[in-house]
Amino acid sequence: MQLSETVKLYMTKKQKSLVVMTMKEYIHTVNSLVFIAINGTSIRKYTTADINSGLPSALANQCIRDAKSIMNKYNKECRKAAFKNKKVMKQNSAVTAKEPAVSVLRKPCCYINNQNFKIKGNFIEFPVMVDGKSKRLSICTSMTDRQKTAFAHAKLGTMRIVQKGNKIVVQIVYDVQEPEYCDSGNVMGVDLGMKCPAVSYISDGNVRFYGNGRKNKYMRRHYAYLRRKLQTSKKEEAVKRISDKEQRIMRDIDHKISHDIVETAAAHNVKVIKLEQLSNIRSTTRTSRKNNHSLHNWSFYRLAQYIEYKARLAGIKVEYVNPAYTSQRCPVCGHIHHANDREYLCKCGFHIHRDLLGAVNICSSTEYVGGNNTRHTA
């Protein structure tokens with residue numbers, strides 16, 4: 001599997017000006033190639049000789065690849081829209097699909113493939129244009145020992161140079177070999193929600209609740225209030241800063257919850273973690289004025305992805321199960337009914353917390369959902 005690491009660059013003024021100029025020229029070249037393709041000229045056979053850019057040939061080649069990738073995605077969306085419109089015409093409906101917009105690079109950035117950069121100790125080398133000639137720039141970084149070890153023993157992928165605030169950082173992709181899966185062990189069911197971000201139940205009887213849903217909802221409402229206040233004052237940059245800060249906080253919370261879940265699984269010899277396939281949760285969950293904003297801003301998918309990739313690194317398999325009635329079905333008698341707030345009481349006498357009930361049913365579920373939402377029973 002592929003992971004990425006972010007490394008800060010420490011540059012002189014001259015080095016920074018060269019890197020910033022390279023990033024700006026990079027996005028200008030990519031956008032120019034996309035504009036050419038949109039206007040009917042094919043760029044499929046373009047080479048560095050066909051473009052006029054102030055970039056080293058290695059970066060110019062990457063620009064061509066990026067422009068082709070953008071056009072492939074755009075053409076795919078156009079075909080989807082055309083198919084949908086054809087279907088709508090057969091149904092004599094007035095609703096038509098909008099023509100997709102072309103992706104445009106806006107923030108200064110630069111992509112360099114693994115053949116054109118080198119990591120030597122605390123330095124990263126990559127090509128830039130200096131006085132019209134391609135030269136390799138060696139820039140000091142602040143890599144941790146863990147990052148140095150990872151880069152030294154792994155196959156490196158693409159490196160992305162990007163500006164974050166006043167800092168310029170590089171994001172390096174590298175391959176990690178996954179441990180072999182073992183089937184002999186316990187099974188963990190994880191129920192994701194809003195009031196309680198996550199609950200886990202392990203087949204050996206261990207139960208654990210993760211996170212604080214009330215605190216998370218308060219933070220969401222607080223930042224929504226700040227954005228409304230700043231938007232009224234027409235402070236657009238402040239609104240963006242607030243939104244970015246909120247996203248950083250929520251990502252950090254998801255990382256901590258997923259880390260704790262996988263750590264608990266490893267401590268209890270769990271070999272399979274089962275999650276709900278929550279692709280349609282926003283359309284199936286009951287909404288209200290109070291939680292509507294939180295529901296549509298809650299990233300269940302992101303938390304599930306964090307759990308999945310951390311579990312894979314720990315040698316634990318992740319499976320997705322059908323979420324139907326997991327918080328309503330009694331595991332003792334099979335009767336289905338709604339819980340009273342967070343308390344679930346069945347007519348057979350079974351009593352449990354509603355979110356824990358979901359984790360128990362997920363743990364015992366054998367109706368798996370694949371990547372294309374196909375269901376099969378073990």
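Refer to the structure presented above.
Residues numbered from 1 in each chain as written. Predicted model: local features only at pLDDT ≥ 70, side-chain atom pairs only at ≥ 80, totals over all residues. Heavy atoms only, no water.

Chemist: Looking at this model, I keep getting lost on the packing of helix H1 (residues 13–38) against helix H2 (residues 57–90). Mind explaining?
Modeler: When two helices pack together, their arrangement is captured by the angle between the axes and the distance separating the axes. Where H1 meets H2, the closest approach of the two axes is 9 Å, and the angle between their N-to-C directions is 45 degrees. Here H1 lies oblique to H2, going by the angle between them. Considering how the two elements wind past one another, H1 and H2 form a crossing that is right-handed. When H1 is examined against H2, the residues Thr-22, Tyr-26, Thr-29, Val-30, Leu-33, Val-34, Ala-37 and Ile-38 are found in contact with a partner set consisting of Leu-59, Gln-62, Cys-63, Ile-64, Asp-66, Ala-67, Ile-70, Met-71 and Tyr-74. For the contact of H1 with H2, the class distribution of residues is 13 nonpolar, 3 polar and 1 charged. (Axes fitted to C-alpha atoms, helices over the stretch in contact; angles between N-to-C directions. Helix = DSSP H or I, 4+ residues; strand = E, 2+ residues; numbered from the N terminus. Parallel < 35°, antiparallel > 145°, perpendicular 65-115°, else oblique. Left-handed = near helix turned anticlockwise from the far one by under 90°. Contact = heavy atoms within 4.5 Å. Nonpolar A, V, L, I, M, F, W, Y, C, P; charged D, E, K, R; others polar.)

Chemist: Is there a simple way to explain the layout of surface pockets in this structure?
Modeler: Over the atoms, a rolled probe matching the size of one water molecule traces out where space is still vacant. The volume enclosed by the second largest pocket comes to roughly 410 Å³. Forming the walls of the second largest pocket are Lys-107, Pro-108, Arg-160, Val-162, Gln-163, Lys-164, Gly-165, Gln-171, Lys-240, Asp-244, Arg-248 and Arg-251. Those elements that place two or more of their residues in the lining of the second largest pocket are strand S6 (156–164) and helix H5 (236–267). A per-class count over the lining of the second largest pocket returns 2 nonpolar, 3 polar and 7 charged. (1 Å grid on protein atoms, 1.4 Å probe; cavity = no way out; pocket = protein on both sides within 12 Å on 5 of 7 lines; lining within 4 Å. Points joined across faces, edges and corners; volume = space filled by probe spheres on them.)

Chemist: Is there a simple way to explain the pattern of salt bridges in this structure?
Modeler: It is possible for side chains bearing opposite charge to pair when their charged atoms get close. Enumeration according to the criterion identifies 9 salt bridges in this entry. Measuring nitrogen to oxygen at the nearest pair gives 3.0 Å for the salt bridge that ties Lys-240 to Asp-244. Separated by 4 residues within a single helix, Lys-240 and Asp-244 lie in helix H5, roughly one turn from each other. For Lys-240, a relative accessible area of 44% puts it in the partly exposed group. On the basis of relative accessibility, which here comes to 32%, the residue Asp-244 falls in the partly exposed class. Close ionic contact of Asp-252 with Lys-256 constitutes a salt bridge, the shortest N to O distance being 3.1 Å. Highlighted residues: Asp-252 and Lys-256, both in helix H5, separated by 4 residues, approximately one helical turn. Where salt bridges share partners, they join Lys-120, Glu-125 and Arg-136 into one cluster. (Salt bridge = Lys/Arg side-chain N within 4 Å of Asp/Glu carboxyl O. Buried < 20%, exposed > 50% of the residue type's maximum accessible area, 1.4 Å probe, protein only.)

Chemist: Explain H2 here, please?
Modeler: Every α-helical turn comprises 3.6 residues, leaving residues that sit three or four positions apart pointing alike. Helix length check: H2 (34 residues) gives 50 Å between terminal C-alpha atoms against 50 Å at 1.5 Å per residue, within 8%. Looking one or two residues beyond H2, the residue adopting positive phi is Asn-92, at roughly 55 degrees. (Expected span 1.5 Å × (residues − 1).)

Chemist: What exactly am I supposed to notice about a positive patch on the surface here?
Modeler: Taken together, Lys-107, Lys-164, Lys-245, Arg-248 and Arg-251 make up a surface patch of like positive charges. Of the residues forming the positive patch, the biggest block, 3 residues, is contributed by H5. Among the secondary structure elements, Lys-107 is positioned in the loop between H2 and strand S2 (109–112). Looking at Lys-107, the relative accessible area reads 56%, which means it is exposed. (Patch = residues over 30% accessible without salt bridge, like charges linked within 9 Å, V, L, I, M, F, W, Y side chains within 5 Å. Areas by Shrake-Rupley, 256 points an atom, 1.4 Å probe, with all protein chains shown as cover. Lys, Arg positive; Asp, Glu negative; His and termini not counted. Charge placed at Lys NZ, Arg CZ, Asp CG, Glu CD.)

Chemist: Where do I start with the packing of aromatic side chains in this structure?
Modeler: The relative placement of two aromatic rings is captured by the distance of their centres and the angle of their planes. Summed over all chains, the structure comprises 3 aromatic pairs. A ring pair is formed by Phe-151 and Tyr-174, whose centres lie 5.7 Å apart and whose planes are at 85 degrees; its orientation type is edge-to-face. With Phe-151 in helix H3 (residues 145–153) and Tyr-174 in strand S7 (residues 167–175), this residue pair connects regions lying 23 residues apart in the sequence. Both residues of the pair, Phe-151 and Tyr-174, count as buried. Where Tyr-306 meets Tyr-309, the ring centres are 6.3 Å apart and the plane angle is 85 degrees; that geometry is what we call edge-to-face. With a gap of 3 residues between them, Tyr-306 and Tyr-309 both fall in helix H8 (residues 300–313), about one helical turn apart. Overall, Tyr-306 belongs to the buried group, its relative accessible area being 13%. Note on Tyr-309: relative accessible area 24%, which makes it partly exposed. (Phe/Tyr/Trp six-rings, centres within 6.5 Å; stacked < 30°, edge-to-face > 60°.)

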